[in-house]
Amino acid sequence: GQNIDQPTEMTATEGAIVQINCTYQTSGFNGLFWYQQHAGEAPTFLSYNVLDGLEEKGRFSSFLSRSKGYSYLLLKELQMKDSASYLCAVSGAGSYQLTFGKGTKLSVIP
Amino acid sequence: EADIYQTPRYLVIGTGKKITLECSQTMGHDKMYWYQQDPGMELHLIHYSYGVNSTEKGDLSSESTVSRIRTEHFPLTLESARPSHTSQYLCASSEGPGVTNEQFFGPGTRLTVL
């Protein structure tokens, strides 16, 4: 089975940097995904990590340590529109299915 | 840009009714998925398909059924809806091996059973 943990809520100030952590325990590993989900909307893909290290994409970066079962999503220059839930999801070995964490609700305040 | 569609977007029905939630994608993806998500909760996989005539149950037990007669179409059916089925249902698709296997999501169907 798979178990994914991430903080329930976070608050950060507009223009600041925030790091959202995710830890996972899996019986196999084939990659880790981060999705953004605004309230009442569908998730949208942000990033994918399969090897250790940092992947950067504009204001968003994602880091993975497979040995530690740990990832984080880094959001820079926060904007009000970044207020959303951020979902960590893991793909198991030999599987196309994703197991999602409960998500971290980020509130960006002025 | 993802081209995956779900209808209806909102549905309010009475207990005991049979309903079908539609999901179609125009990306030619082999793999399709149905998730159930209650407000503020995580997505739970209830069904998936790796191709035509292939369907499997997901991690969360569901009384719904699915079919995959065409690549682009993956409908979900509830034979007799109950209030416990009230939830948001999200359909997704992905391309498969050799790529990131990113899943693209449809806009969802918000179902309320009275």
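Source: prediction; values computed, not measured. (Residues numbered from 1 in each chain as written. Chains lettered and ligands numbered in written order. Predicted model: local features only at pLDDT ≥ 70, side-chain atom pairs only at ≥ 80, totals over all residues. Heavy atoms only, no water.)

Visitor: Sorry, what's going on with the interface of chain B and chain A here?
Guide: A common way to state how big an interface is: give the accessible area lost once the parts meet. Contacts between the two partners involve 23 residues from chain B and, on the opposite side, 18 residues from chain A. Each partner contributes to the roughly 1700 Å² buried at the junction of chain B and chain A, and carbon and sulfur atoms together form 56% of this total. In this assembly, chain B and chain A are joined by three residue pairs in polar contact (both at pLDDT 80 or more). Secondary-structure elements contributing two or more residues to the side of chain B that touches chain A are β4 (31-37), β5 (44-51) and β9 (87-94) of chain B. Ranked by residue count, the leading element in the side of chain B that touches chain A is β4(B), at four residues. (Contact = heavy atoms within 4.5 Å. Buried area = accessible area lost by both parts, 1.4 Å probe. Polar contact = N/O pair within 3.5 Å; in protein donor to acceptor, adjacent residues only side chain to side chain. Helix = DSSP H or I, 4+ residues; strand = E, 2+ residues; numbered from the N terminus.)

Visitor: Which parts of the structure should I look at to understand the side chain of A:S91?
Guide: As for its placement among the helices and strands, A:S91 is situated in strand β9 (residues 84-91). Leave out the neighbours within four places in its chain, and A:S91 touches A:Q2, A:G28, A:F29, A:N30, A:G31, A:F33, A:Q97 and A:L98.

Visitor: How should the sheet that holds strand β8 (residues 76-78) of chain B be read in this particular structure?
Guide: Backbone-to-backbone hydrogen bonds pair the strands of a sheet. The strands run either parallel or antiparallel. All names here are of chain B. Taken together, the four strands give an open sheet; going across it, the order is β1-β3-β8-β7, and neighbouring strands pair in antiparallel fashion. The sheet terminates laterally at β1 (4-7) and β7 (65-66), the two strands that pair on one side only. When strand β3 (residues 19-25) meets β8, the two strands line up antiparallel, connected through three bridges. Bridge assignment links T20 to a residue of β8, and that residue is T77. (Pairing = 2+ DSSP bridges.)

Visitor: Honestly, the packing of aromatic side chains in this entry has me stumped. Any pointers?
Guide: Both the distance between ring centres and the angle between the ring planes are used here to describe each pair of aromatic rings. According to the stated counting rule, one finds 15 aromatic pairs over all chains in the structure shown. With a centroid separation of 6.2 Å and an interplanar angle of 75°, the aromatic rings of A:F100 and B:F105 are classed as edge-to-face. Taken together, the residues A:F100 in strand β10 (residues 98-100) and B:F105 in strand β10 (residues 104-105) connect one chain to another. Accessibility expressed as a relative area gives 6% for A:F100, which makes it buried. Overall, the relative accessible area of 9% leaves B:F105 in the buried class. The ring of B:Y50 has B:K31 sitting right over it, with the charged end atom 5.8 Å from the ring centre. The ring of B:F74 carries the charged tip of B:R68 above its face, separated from the ring centre by 5.8 Å. (Phe/Tyr/Trp six-rings, centres within 6.5 Å; stacked < 30°, edge-to-face > 60°. Buried < 20%, exposed > 50% of the residue type's maximum accessible area, 1.4 Å probe, protein only. Lys NZ or Arg CZ within 6 Å of the ring centre and 35° of its normal.)

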